[in-house]
Structure formats: C-alpha cells, structure tokens
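The lines below spell out each chain.
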Amino acid sequence: SDQSLFEIERRCTHLKELEINGCKRLSGSDCQLGVTSFCPGLITFKSNGCILMKENFLLRVVTFCKMLTVLDLGFCASDQILKVAGKTLEKLVQLQVSSCPNVTDDGIRSFCDKINPTTFSALDISMCTNINGESLMGLIRCKSLRALKLRGV
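Residues numbered from 1 in each chain as written. Predicted model: local features only at pLDDT ≥ 70, side-chain atom pairs only at ≥ 80, totals over all residues. Heavy atoms only, no water.

**So, the environment of glutamine 3**
Thinking step 1. Relative to the elements of secondary structure, glutamine 3 occurs in helix H1 (residues 2-11).
Thinking step 2. Taking the C-alpha atoms as reference points, glutamine 3 and leucine 26, 23 residues apart in sequence, are found 9.4 Å from one another. (Helix = DSSP H or I, 4+ residues; strand = E, 2+ residues; numbered from the N terminus.)

**Describing a nonpolar patch on the surface**
Thinking step 1. A contiguous nonpolar patch, built from Ile51, Leu52 and Phe75 and spanning about 300 Å² of accessible area, is present on the exposed surface.
Thinking step 2. Locating isoleucine 51 in the fold gives a position in the loop between strand S2 (44-46) and helix H3 (55-64).
Thinking step 3. Given the relative accessible area of 52%, isoleucine 51 is considered exposed. (Patch = residues over 30% accessible without salt bridge, like charges linked within 9 Å, V, L, I, M, F, W, Y side chains within 5 Å. Areas by Shrake-Rupley, 256 points an atom, 1.4 Å probe, with all protein chains shown as cover. Salt bridge = Lys/Arg side-chain N within 4 Å of Asp/Glu carboxyl O. Buried < 20%, exposed > 50% of the residue type's maximum accessible area, 1.4 Å probe, protein only.)

**Structural notes on unusual backbone geometry**
Thinking step 1. Phi at phenylalanine 75 is positive, roughly 75°, even though this residue is not glycine.
Thinking step 2. For phenylalanine 75, the position within the fold is in the loop between strand S3 (70-72) and helix H4 (79-88).
Thinking step 3. Unusually for a residue other than glycine, methionine 127 sits at a positive phi of about 65°.
Thinking step 4. Counting through the fold element by element, methionine 127 comes out in the loop between strand S5 (122-124) and strand S6 (147-149).

What follows is the structure in structure tokens.
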C-alpha cells in the first residue's frame, strides 16, 4: 500500500534504489514526502507499470531526488515530468519512459535540450505512440549516448 511504502521510505533513510515496478495499486498519494524527504541519496527509481501513480508524486521525485542516475517511468511518465527531469537531474544516465501516451515530442524535445549531455547515455521511448521522432534531433548533443530504444515509435 501507499502507507507501507511511505513507512519504508521514512525508516530506510539510506535507501539507494527503489524499484516498485508493476505495483498497480500504488498511487504515491500517501508518499508525498517519503522519497523526497527521507531518501535524498536515491540513485535508482523504477516505477514501470505503476499505472495509478500520481503525476505530482513523480514530479516530487524528479525535483528533489537530485542524485538519480537511473529513472524508469514506463507507463506513467508525462511531458511535464520529462521537462522537470531534464532540468533537475544532472547526474541522470538512463531514462526509460516506454509505453507512455502522455509523452510527446514536446516533452522529449524539452528533456533533450536540458539534460546533461556529458553523462546521459541511454533513452528508451519504445511504444510512445505520440512521438513522431523530430524531437530526437536534440539527442545529437548527448555525446555519451550509447543506447536508444525506439521500438514502435
């Protein structure tokens, strides 16, 4: 439950990785302060398939967990989340936002314009059906890009 996740976050202040992939009942509504207040050293956050996850919770994660290097928001990312992540996550190496209907060229373009081009190396936007690809030109500035997944785009 959201409350259980909040308690884990609150008590495990040295948490470095949090993977809640496929937890279809989690929304983040009871965890608003958890990850962002109690886990400042979080380097990996994965919530792929958490279809009820609230955007405001994910916005707090990408705003306040500035040490993140791996971010997996498959099925639950949006343009707004990408815009904030590109601006705030200077250490981000990998981003996975596959199967996100709320991710468009606008979000990808903004992310690519703001992300740290010297550290970012992997992007997965597979099955993001509202991307036509023109926004990917921004990846040209990412000199360390090593993996790009575009299946179904």
